Amino acid sequence: MESGTSVRDLMDQAKAIGVDLMVVPMDDSTDSAYQRAVVSGLGRLEKETGKKVGRLVLSDCRDDLLDLMEWRAALFEGAGFSPEFPLWGRPYSEILQFVASLRAPTSPQRESGGSLARPTRIVISAVADSPSLSTTIKGSELDEEMWRLLGEAGVDEVGELGELQTRLEF
């Protein structure tokens, strides 16, 4: 499955929340390509900004994927970065409740006081080829009902195993 999220989508999302975006392309999908691309990209970021990257915040959350978290921690620590995993081991119900709270009930304009824009929808942008998951859900909103349906189908509700990708709409 390709990410299903175009560079244009990423740029639009970054602009909506007021952050800069640096694209770091990978030449293939191997672990070594990931390592080269990410470490190179972080080095480029430090060089271009003149600032040291103090920490990396990663969104891994499934505690049964400990080997992946340990691999990423070793990778980034070995390259001189400090990785953090704030979602690690948290119950999905807590994560899903937080994600649902991010959606804006109204216009996604910046709120007074400079608060960041909030997405109006979280949309499934890509679906892996899987016997337990229909590709017809691509384009559907990832909301409480969809999380329930995904769970009933035996699919990881946050796509932690690569079942789906999402994008924010503002």
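Here, every reference points to the structure presented above.
Residues numbered from 1 in each chain as written. Predicted model: local features only at pLDDT ≥ 70, side-chain atom pairs only at ≥ 80, totals over all residues. Heavy atoms only, no water.

(A) Spatial organisation of the overall build of the protein chain. In terms of regular secondary structure, the protein chain is built from 5 helices and 4 strands. For the protein chain, the α and β elements follow one another from N to C terminus as α-α-β-α-β-α-β-α-β. Over its C-alpha atoms, taken along the principal directions, the protein chain stretches across nearly 45 × 45 × 30 Å. Carbon together with sulfur atoms contributes 52% to the accessible area of the protein chain, which is approximately 10600 Å² in total. Across the protein chain, the centroid of the 18 positively charged side chains sits 8 Å from that of the 29 negatively charged ones. (Helix = DSSP H or I, 4+ residues; strand = E, 2+ residues; numbered from the N terminus. Areas by Shrake-Rupley, 256 points an atom, 1.4 Å probe, with all protein chains shown as cover. Lys, Arg positive; Asp, Glu negative; His and termini not counted. Charge placed at Lys NZ, Arg CZ, Asp CG, Glu CD.)

(B) Spatial organisation of the nonpolar core. The biggest cluster of nonpolar side chains holds 13 residues, and the ones touching the most others in it are Ile124, Leu133, Ile137, Leu142, Met146 and Leu150. For this core, the elements supplying multiple residues, two or more each, are helix H4 (92-102), strand E3 (121-127) and helix H5 (144-152). Leave out the neighbours within four places in its chain, and Met146 touches Ile124, Ile137, Ser140 and Glu141. (Core = buried A, V, L, I, M, F, W, Y, C linked by side-chain atoms within 4.5 Å. Buried < 20%, exposed > 50% of the residue type's maximum accessible area, 1.4 Å probe, protein only. Contact = heavy atoms within 4.5 Å.)

(C) The arrangement of the pattern of salt bridges in detail. Summed over the entire model, instances satisfying the criterion amount to 12 salt bridges. In this structure, Arg148 and Glu152 form a salt bridge, with 2.4 Å as the shortest nitrogen-oxygen distance. You can see Arg148 and its partner Glu152 sitting in helix H5, 4 residues apart, about one turn around the helix. Each of Arg62, Asp64 and Asp156 takes part in salt bridges that share partners, so that together they form one network. (Salt bridge = Lys/Arg side-chain N within 4 Å of Asp/Glu carboxyl O.)

(D) Structural context of the side chain of Arg72. For Arg72, the location among the structural elements is in helix H3 (residues 66-78). When neighbours within four sequence positions are excluded, Arg72 is seen to be in contact with Tyr34, Leu58, Asp60 and Phe85.

(E) A look at the packing of aromatic side chains. What the rule picks out here adds up to 2 aromatic pairs. For the pair Tyr34 and Trp71, a centre-to-centre distance of 5.6 Å together with 35° between the ring planes defines the contact as tilted. Of this pair, Tyr34 sits in helix H2 (residues 31-49) while Trp71 sits in helix H3; the two residues are 37 residues apart in sequence, bridging distant segments of the chain. Residue Trp71 is classed as partly exposed on the basis of its relative accessible area, which comes to 29%. Ring plane angle 70° and centroid distance 6.5 Å describe the contact between Phe85 and Trp88, whose orientation is recorded as edge-to-face. Residue classification places Phe85 among the buried positions, given a relative accessible area of 16%. (Phe/Tyr/Trp six-rings, centres within 6.5 Å; stacked < 30°, edge-to-face > 60°.)

(F) Layout of the pairing of E3. Counting buried positions along E3 gives 6 out of 7 residues, so the element sits mostly inside the fold. Pairing between E3 and strand E4 (residues 164-169): 6 bridges, direction antiparallel. Its bridge partner being in E4, Ile122 is matched across the sheet by Leu168. (Pairing = 2+ DSSP bridges.)

(G) Quick peek at H4. Within H4 the residues assigned to the buried category are Tyr92, Ile95, Leu96 and Ala100. The buried residues of H4 occupy an angular sector of 135° when projected down its axis, which confines them to one face. In H4, the exposed positions angled more than 90 degrees off the buried face are occupied by Gln97 and Phe98. (Arc of directions from axis to C-beta.)

(H) How the structure looks around H5. Along H5, the residues that are buried comprise Met146, Trp147 and Leu150. The buried residues of H5 occupy an angular sector of 100° when projected down its axis, which confines them to one face. Buried residues along H5 sit in contact with H4, E3 and E4. Directly beyond the C-terminal end of H5, a positive phi value near 80° is found at Gly154.

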